[in-house]
Amino acid sequence: MRKSDMPSSLVEIKSKFNAEFRRVALYPDDVPTFAAFQNYLVNLHKLQNIDYEIDIFYNDPIDSELLPINNDNNYLKALSTAKPLLRVFLQPKGANSIPLSTKKHPSSTLSSKEARPVISKPADFRQIAAIIDVNVVPETHRRVKLLKHTIDKPLGFFIRDGISIRLTNKGLEKAPGIFISRLVPGGLAEMTGLLSVNDEVLEVNGIDVYNKTLDQVTDMMVANSSNLIITVKPANQRNNPVPKPSSSSVAQSRFSLMSTGDDEEDEVIDLISDSKSIGRSKQNLYDL
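Residues numbered from 1 in each chain as written. Predicted model: local features only at pLDDT ≥ 70, side-chain atom pairs only at ≥ 80, totals over all residues. Heavy atoms only, no water.

**Student:** Just checking my understanding: could you explain the overall build of the protein chain for this structure?
**Tutor:** Within the protein chain, the secondary structure is distributed over four helices and 15 strands. Counting all 288 residues of the protein chain, 38% fall into the buried class. A sequence separation of at least 24 residues applies to 60% of the contacts in the protein chain between residues at least 6 apart. (Helix = DSSP H or I, 4+ residues; strand = E, 2+ residues; numbered from the N terminus. Buried < 20%, exposed > 50% of the residue type's maximum accessible area, 1.4 Å probe, protein only. Contact = heavy atoms within 4.5 Å.)

See below:
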């Protein structure tokens, strides 16, 4: 940059040395060279008697980077960025006390009361659910593992009696089944997104629930609530994971083909950690 490009208007300068600030306004013609500008800052901060040299930097407002001022060219460049303020930093030569960038981290703009929470590393996160044995269960089924880490938080779903159509040696027959009737908003089951209303429960921790009563299935789930593995036939098959081809993926006759909408009794169980029944209504409603 040529000296003819030097700004002719008054330039406002904010200069910092250690914790000391100085704010002045000057005409560039009064300090036309880097040497003159350096001498001006030394006098401004009363550094004439120090026994070390001074490095000068300025803040580039475009990239928010600290750039050096050590010759006439970058001195003139620094003056051209003053719109209207030129921020200048002084430090002992060779020191590393000034950061290379003056960009503020987003959290630095928050007060101490509004400090951002510290996010743990992924390795520190606690798993709450997973789809397991994809290559073991038939394609139309899903095996879900629910991990409940606190005793006061329920599994978050209700189950009911219903009617299922199953493939037997005699062909298709109606048979009793257990279905998910409702998900508790904000509960563990809803948060995982792996269980849905009208999913049919087929197994609980590897035990087939066929021909078991609703009470028996409930007891099984409560007993294994901290590490529940539930095999279901999802009502919506479109979201089911597709396993790799395997001989074990052939559906067995004990698994249901479909469920009907003709529910004999809407008996509901709230799967909570406390296994003691505290009340029954006419429809056999429990809070366990």
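From this point, things continue past the structure.
**Student:** Teacher, can you tell me more about unusual backbone geometry here?
**Tutor:** Of all residues except glycine, most have a negative phi; of all peptide bonds, most are trans. Backbone geometry at asparagine 18 places phi at a positive 55°, although glycine is not the residue there. By the secondary structure assignment, asparagine 18 is in the loop between β1 (11-17) and β2 (20-26). Although it is not a glycine, asparagine 205 sits at a positive phi angle of roughly 50°. Its location among the elements puts asparagine 205 in the loop between β10 (200-204) and β11 (207-208).

**Student:** Even after reading the chapter, I still don't get the sheet that holds strand β5 (residues 85-92), so can you show me in this structure?
**Tutor:** Pairing between the strands of a sheet comes from backbone hydrogen bonds, and it takes one of two forms, parallel or antiparallel. Read from one edge to the other, the open sheet built from five strands follows the order β2-β1-β5-β3-β4, with strand pairing classed as mixed. Here the strands that pair on one side only, and so sit at the sheet edges, are β2 and β4 (65-68). Going across the sheet, the axis of each strand differs from the next one's by a mean of 30°, ignoring polarity. (Pairing = 2+ DSSP bridges. Axes fitted to C-alpha atoms, helices over the stretch in contact; angles between N-to-C directions.)

**Student:** Where do I start with the pairing of strand β7 (residues 142-147) in this structure?
**Tutor:** Taken across its six residues, β7 has five buried, putting it largely inside the fold. Judged from the six bridges that link them, β7 and strand β12 (residues 227-233) form a sheet pairing that is antiparallel. What sits directly across from arginine 142, in β12, is valine 232.

**Student:** Explain the side chain of threonine 81 to me, please; I cannot follow it from the model alone.
**Tutor:** Assignment of secondary structure puts threonine 81 in the loop between α2 (72-80) and β5. Here threonine 81 falls in the buried class, since its relative accessible area comes to 12%. For threonine 81, the side chain forms a polar contact with the main-chain oxygen of alanine 78, separated by 2.6 Å. Non-local contacts of threonine 81, meaning those with residues more than four positions away in its chain, are made with Tyr58, Pro61 and Leu86. (Polar contact = N/O pair within 3.5 Å; in protein donor to acceptor, adjacent residues only side chain to side chain.)

**Student:** Would you explain the pattern of salt bridges in this entry?
**Tutor:** Opposite charge on two side chains allows them to pair when their charged atoms are near. Going through the model one piece at a time under the given rule, you end up with six salt bridges. Residue glutamate 203 pairs with arginine 143 through a salt bridge whose shortest N-O separation is 2.9 Å. With a gap of 60 residues between them, glutamate 203 in strand β10 and arginine 143 in strand β7 connect regions that are remote in the sequence. A single burial state applies to glutamate 203 and to arginine 143, both of which are buried. Within this structure, Asp133, Arg143 and Glu203 form a network of salt bridges that share partners. (Salt bridge = Lys/Arg side-chain N within 4 Å of Asp/Glu carboxyl O.)

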